[in-house]
Amino acid sequence: MSEMDNVIPIGVHITRFMNDMGIDDFDDIGFLYQDYIFECIDLVESISNMMLTAAPAEVEKLIHNFKGVSANLYVDPVYSLLLVLDNYLLSHSLDQKTDQEANDLWQEIKRTFARACIDIVAFFATNGVSLELNR
Amino acid sequence: MLFTGKVVMIVDDSYTIRHQVRLLLSKYDIIVIEAHNKTSMLNHLLYKGQLVDLILMDLGLKETSGFDLMEFLQATPNYKHIPIIVLTGDATKNTVLEAASAFKIEHYAIKPIDPISLSNKVLTVLEKQHFSNHSNMNPEVAERLKTHKKEQLSKDANKSASSDENSKATDPNPNHIEKILKSTLTNPKTEPDSNKPQKDKMHTNIDNINKRLQ
C-alpha cells in the first residue's frame, strides 16, 4: 500500500474557520494556512532538535506555541495531541532521551501534523489555491 | 465608517497569529501593525506620526514577557493611555486577574482566539475611545454608528451559526482528497479545475515533508 492510500482527512475544520472569521476568500485564508504550515514545520524541527538536547523549558515553550497556533486555526487533531503533551510536560520533568512516553507522543504528533498539512493543501487545491509544503 | 483608518498593533511572536488578526480586522478597514518583541513594538508604536489606537498584547512572548511590556508602556507617559487587550493562552483566573489589577486592563481574550469575540472586544474599545475623543458628536450620528457596528457583528455571528451545515457541504470528502493528491503528485503542472486565481505552482511532495518531520 502506498503512502497516498493512507491519506484520510483528519478533521481540519477550514470551512468552519472561514465562517467564524467572516471571510470567504480562499486566497486570503489559504495564505494564512500557508503561514501555519511553514511556521509549524519550523517549530517541529526546533522541538525535535531540542528534545535531543537539554532544554526542557524551551521545549515546553515551543510546544505551547505549536499548540496555540494549531488551536487558532482549528487544526483540532494536532491541537488535541499537543494538549496532552503540554499537560504531560507540565506535570513531569522531562528526562530527555529516556522519557519514552513523551517521545512516543511526539512522534504521533509529527505524523498527525504531516497528515493535517496534506489535508490543508488538498482542501485549498480543490478551491483553486496552491499551497507549498516547502519554502 | 467608524473604524476606518484606526490602527491596532498586535504583539505576538507567532506570525501566523499576527496574520490571523490582520485578516480578521481588515474586514472593518482597521490597519493592523505587527510586532513580535519589545524592539519591534517600540519601532511601530507611531504610525504616520500618530500613536496606535489599541494594542493586542500576548502575555507569553519568547523574549520580554507581555507583562514586562505592559509595565514599560504604563511607565512611559506618551504610551500609558494606549488601551490594551491582553491575549493569553493561560485561562487561569490568576493570570487574568494579575493583568487586570496590575495594569488596569479592561479586556482580555483567551487563546485560542474566538474571532467573533475578539472582533467585538476590539470594536468596543475603539468605539469607546472614538466617542471619548469626540464627545461633542451629534447623538443621532453616534447612534447610527453604534447601529452599524451591531449590524456588522450580527452579520458575522449569523454567518458563523450556519457554519456546521456549510462544513458538511464544502469540506472535501476522503475520496475526493485522495484523487486530487494523486493527480497532483503524478502531474504537478495540472491546473485545478477552477476559475479562481492560481497563485503558485503546486508542490505537494509528501516525501519531502515526511523527511523534514522525521
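Owing to the predicted nature of the structure, the values given are computational and were not obtained by experimental measurement. (Residues numbered from 1 in each chain as written. Chains lettered and ligands numbered in written order. Predicted model: local features only at pLDDT ≥ 70, side-chain atom pairs only at ≥ 80, totals over all residues.)

**So, the overall build of chain B**
In step 1: Helix and strand content of chain B: 9 helices and 7 strands.
In step 2: Contacts spanning at least 24 positions in sequence make up 60% of the contacts within chain B whose residues lie at least 6 apart. (Helix = DSSP H or I, 4+ residues; strand = E, 2+ residues; numbered from the N terminus. Contact = placed C-beta atoms within 7 Å.)

**What to know about the overall build of chain A**
In step 1: Each helix and strand counted, chain A has 5 helices and 0 strands in total.
In step 2: For chain A, the N- to C-terminal ordering of α and β elements is α-α-α-α-α.
In step 3: Counting the 135 residues in chain A, one finds 43% classified as buried.
In step 4: Sequence separation of at least 24 residues holds for 65% of the intrachain contacts in chain A that already meet a minimum separation of 6. (Buried ≥ 20, exposed ≤ 12 C-beta atoms within 10 Å, placed from the backbone.)

**Quick word on the confidence of the model for chain A**
Do not read the predicted coordinates in detail wherever pLDDT is low.
In step 1: Of the residues in chain A, 85% have a pLDDT of 70 or more, and the chain-wide mean is 86.
In step 2: Residue range residues 1-8 of chain A is modelled with pLDDT below 50. Its contacts to residues more than four positions away, or to other chains, number 11 contacts. (pLDDT = per-residue confidence, 0-100.)

**Brief notes about the sheet that holds strand 5 (residues 54-58) of chain B**
All names here are of chain B.
In step 1: Within the open sheet, the 5 strands sit side by side as 2-1-5-6-7. Their pairing is parallel. Strands at the two margins of the open sheet, each flanked by one partner only, are strand 2 (31-35) and strand 7 (107-110). When the angles between neighbouring strand axes are averaged without regard to direction, this sheet yields 20°.
In step 2: By the bridge criterion, 4 bridges tie strand 6 (residues 84-88) to strand 7 in an arrangement that is parallel. Counted as the bridge partner of Ile-85 is His-107 from strand 7.
In step 3: Packed onto the sheet, helix 1 (residues 15-26) meets strand 1 (7-11), strand 2 and strand 5 and runs at close to 170° relative to strand 2.
In step 4: Each of strand 1, strand 5 and strand 6 is contacted by helix 3 (residues 66-75), which is oriented at about 150° to strand 5, the strand it contacts most. (Pairing = 2+ DSSP bridges. Axes fitted to C-alpha atoms, helices over the stretch in contact; angles between N-to-C directions.)

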